[in-house]
Amino acid sequence: SQKIEQNSEALNIQEGKTATLTCNYTNYSPAYLQWYRQDPGRGPVFLLLIRENEKEKRKERLKVTFDTTLKQSLFHITASQPADSATYLCAALDTGFQKLVFGTGTRLLVSP
Amino acid sequence: EPEVTQTPSHQVTQMGQEVILRCVPISNHLYFYWYRQILGQKVEFLVSFYNNEISEKSEIFDDQFSVERPDGSNFTLKIRSTKLEDSAMYFCASRGVGATEAFFGQGTRLTVV
């Protein structure tokens, strides 16, 4: 079955450092990968999307890469801030756009 | 900024009772979705809806579940006879034509006792 896997352990980093989160997929060839932020008790909020034919996408302090050979996406937050502390979800979307398949998410904690 | 709104924010119901979760998608969006998230687990797809019919549904979305767009603004999820394992956060989402980004509501926390 289609699987999206993220590191379930929390990532703790210091303010100002770059956070790097990993998303791996198996039994799947998604046309798009999306990254969402989720705060406790809230709905996911869209951050970035990358297409299968794109290697890298940037938006302000965020950067996403997509390696179809490794079946992996990396999500980077540069110059991290305590306000970036949240759970980050990777989600795969096929060309039919019918559904998002989410990973379990990785919790990021940025300490001052 | 337009947003997806869900009501109620929290619903407590007895096992076997029917519940209706309500959503108002973003006004010019035509694709609608329900997802659920059991506490501590991942967000799971339930159903997608377009042009007044279900486009795709997951194994979770069995005969106990139904969706409806009763008017031009609301999108509802009904669970006919709730079970304890239906306790979860239910998220509604909507997407515009030609867009890949889905907008999620704040969720309804359903607790079945």
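Not measured: the values here are computed from a predicted model.

## Describing empty space enclosed by the protein
Residues and elements named next belong to chain B.
Working step 1: One pass over the full model with this rule turns up 2 cavities of 30 Å³ or more.
Working step 2: Each pocket or cavity is described by its volume, and for the largest cavity that value is around 50 Å³.
Working step 3: Considering only residue class, the lining of the largest cavity consists of 6 nonpolar, 1 polar and 2 charged.
Working step 4: Listing elements by their share of the lining of the second largest cavity, those giving two or more residues are β4 (31-37) and β5 (43-50).

## Points about the interface of chain B and chain A
Working step 1: Each partner contributes to the interface: chain B provides 19 residues, whereas chain A provides 19 residues.
Working step 2: Across the chain B/chain A interface, buried area totals approximately 1700 Å², and carbon plus sulfur atoms make up 54% of it.
Working step 3: Taken together, the links from chain B to chain A amount to 1 salt bridge.
Working step 4: Note that glutamate 56 of chain B and lysine 99 of chain A form a salt bridge whose closest N and O atoms lie 3.2 Å from each other.
Working step 5: Counting every contact that joins chain B to chain A gives 5 residue pairs in polar contact (both at pLDDT 80 or more).
Working step 6: Only β4, β5, β6 (53-57) and β9 (88-95) of chain B provide two or more residues apiece to the side of chain B that touches chain A.
Working step 7: Of the residues assigned to the side of chain B that touches chain A, the class counts are 9 nonpolar, 6 polar and 4 charged.

## Digging into the layout of surface pockets
Working step 1: The volume enclosed by the largest pocket comes to roughly 460 Å³.
Working step 2: Surrounding the largest pocket, 25 residues form its lining, Gln38, Pro40, Gly41 and Thr87 of chain A together with Gln37 of chain B being those nearest its centre.
Working step 3: Among the secondary structure elements, those contributing two or more residues to the lining of the largest pocket are β9 (86-93) and β11 (106-111) of chain A together with β9 of chain B.
Working step 4: A total of 4 residues in the lining of the largest pocket trace back to one element, the largest contributor, which is β11 of chain A.
Working step 5: For the lining of the largest pocket, a count of residues per class yields 9 nonpolar, 11 polar and 5 charged.
Working step 6: Looking at the second largest pocket, its volume works out to about 370 Å³.
Working step 7: Elements represented by at least two residues in the lining of the second largest pocket include exactly β10 (100-102) of chain A together with β5 of chain B.
Working step 8: Within the lining of the second largest pocket, the residues separate by chemical class into 6 nonpolar, 3 polar and 4 charged.

So, how was this worked out
Residues numbered from 1 in each chain as written. Chains lettered and ligands numbered in written order. Predicted model: local features only at pLDDT ≥ 70, side-chain atom pairs only at ≥ 80, totals over all residues. Heavy atoms only, no water. 1 Å grid on protein atoms, 1.4 Å probe; cavity = no way out; pocket = protein on both sides within 12 Å on 5 of 7 lines; lining within 4 Å. Points joined across faces, edges and corners; volume = space filled by probe spheres on them. Nonpolar A, V, L, I, M, F, W, Y, C, P; charged D, E, K, R; others polar. Helix = DSSP H or I, 4+ residues; strand = E, 2+ residues; numbered from the N terminus. Contact = heavy atoms within 4.5 Å. Buried area = accessible area lost by both parts, 1.4 Å probe. Salt bridge = Lys/Arg side-chain N within 4 Å of Asp/Glu carboxyl O. Polar contact = N/O pair within 3.5 Å; in protein donor to acceptor, adjacent residues only side chain to side chain.

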